[in-house]
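Residues per chain, in single letters:
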Amino acid sequence: MFINYCMNLKFKTIQKEQMKLKDLRMKITLETLNNIKVLKMYDWDDEFLKRINEERENEIKNYEKRFKVRNLVEIVGWFSPVMTSIISIGAYWKLTGGKMNIEDIFTCLGILNSLQGPLRMIPSLLNNFYDTCISMARIENYLYEEEVNESSVIKNDKTMEENNLAIKIENGFFSWGATSGAKK
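Because the structure is predicted, anything quoted here is derived from the model rather than measured. (Residues numbered from 1 in each chain as written. Predicted model: local features only at pLDDT ≥ 70, side-chain atom pairs only at ≥ 80, totals over all residues. Heavy atoms only, no water.)

Here we look at a nonpolar patch on the surface
We apply this condition: Note that patches include only residues with greater than 30% relative accessible area and no salt bridge, and the join distances are 9 Å for like charges and 5 Å for nonpolar side chains (Val, Leu, Ile, Met, Phe, Trp, Tyr). Working definition of accessibility: Shrake-Rupley area with a 1.4 Å probe, residue cover restricted to the visible protein chains. Criterion for a salt bridge: a side-chain nitrogen of Lys or Arg within 4 Å of a carboxyl oxygen of Asp or Glu. Working definition: helices are DSSP H or I runs of at least four residues, strands are E runs of at least two. Numbering for both runs from the N terminus.
Taken together, the side chains of Phe79, Val82, Met83, Ile86 and Ile87 present a nonpolar region at the surface, about 450 Å² in accessible area. With respect to the secondary-structure elements, Val82 resides in helix H3 (residues 45-95).

Below you can see the structure in the form of structure tokens.
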């Protein structure tokens, strides 16, 4: 349990780093897609592709670390029931002064064999728990962000008050999945 706990803490830090790297790559990708016309006009597409690929390489390196730690956790998870059986039978043998019956050994092995499934599930359970905690923290941070950029909103405009207007939109274009050539 202690080894699994330590390895899962390492996995948690790697997972957090993975999410940050993924966010950074997505930010650059979205920036590129949003400004694709300008990039093509000034022939900057190779530079932005290079930036995206660099961030992707960082993300892949982090995935490699993550998979190594996860594989180590799984190996320990599959090896721990065997070690538990060996240690339990050894402790029983030591406590009885080296006198053991074959019935006692088979009973002990039967009980420990029935516990192998739950013991092997513990590392996966902990990994899923850490993934859930990280995801929930990210969702919580997103939900607590401000919804309106206050610098984009003009408040207490005299012309709005004089004309008794609540909202004024100038040169606005709005669509919901329709192109500019669609029927209005």
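With respect to helix H1 (residues 2-34)
Condition: Expected span, for any helix, means 1.5 Å times one less than how many residues it has. In what follows, residue pairs with any heavy atoms lying within 4.5 Å of each other are defined as contacts.
Taking 1.5 Å per residue, 33 residues should reach 48 Å; H1 reaches 48 Å between its end C-alpha atoms and fits that length. Residues of H1 that are buried make contact with helix H2 (36-42), H3 and helix H4 (102-143).

Points about the side chain of Arg25
Mapped onto the elements of the fold, Arg25 is located in helix H1. If we ignore the near neighbours within four places in the chain, the residues touching Arg25 are Ile52, Glu55, Arg56 and Glu59.

Considerations on the layout of surface pockets
By rolling a water-sized probe across the atoms, one finds the places where empty space is left. Note the threshold: Grid points spaced at 1 Å over the protein atoms alone were grouped into cavities, where a 1.4 Å probe fits but cannot get out, and pockets, open sets with protein on both sides within 12 Å along at least five of seven lines, with lining residues defined by an atom within 4 Å of a point. Grid points are joined across faces, edges and corners, and a volume is the space filled by probe spheres set on the points.
Looking at the largest pocket, its volume works out to about 280 Å³. For the largest pocket, the full set of lining residues is Lys16, Met19, Lys20, Asp23, Cys133, Ile134, Ala137, Arg138, Ile139, Asn141, Tyr142 and Glu145. Mapped by element, the contributors of at least two residues to the lining of the largest pocket are H1 and H4. It is H4 that provides the largest number of residues to the lining of the largest pocket, a total of 7 residues.

Considerations on the packing of H1 against H4
Stated formally: To get an axis, a line is fitted to the C-alpha atoms, and for a helix only the part in contact is used. The angle between two axes follows their N-to-C directions and goes from 0 to 180 degrees. Left-handed is the label given to a crossing in which the near helix is rotated counterclockwise from the far helix by less than a right angle, and right-handed is the label when the rotation is clockwise.
Direction vectors running N to C along H1 and H4 enclose 35 degrees, while the axes themselves pass 10 Å from each other. The chirality of how H1 crosses H4 is right-handed. Together, Asn4, Tyr5, Asn8, Leu9, Phe11, Lys12, Gln15, Lys16, Met19 and Asp23 of H1 and Ile122, Pro123, Leu126, Asn127, Tyr130, Asp131, Ile134 and Arg138 of H4 make up the contact between the two elements.

Concerning the nonpolar core
Our working rule: By nonpolar core is meant a set of buried Ala, Val, Leu, Ile, Met, Phe, Trp, Tyr and Cys residues that side-chain atoms within 4.5 Å join together. With a 1.4 Å probe rolled over the protein chains alone, any residue whose accessible area is under 20% of its type maximum counts as buried; one over 50% counts as exposed, and the rest are partly exposed.
If you look at the biggest cluster of nonpolar residues, it comprises 5 residues: Met7, Phe11, Ile14, Val69 and Val73. Among the secondary structure elements, those contributing two or more residues to this core are H1 and H3. Looking at this core, the element that brings in the most residues is H1, giving 3 residues. For Ile14, the contacting residues outside a window of four places in its chain are Asn62, Lys65, Arg66 and Val69.

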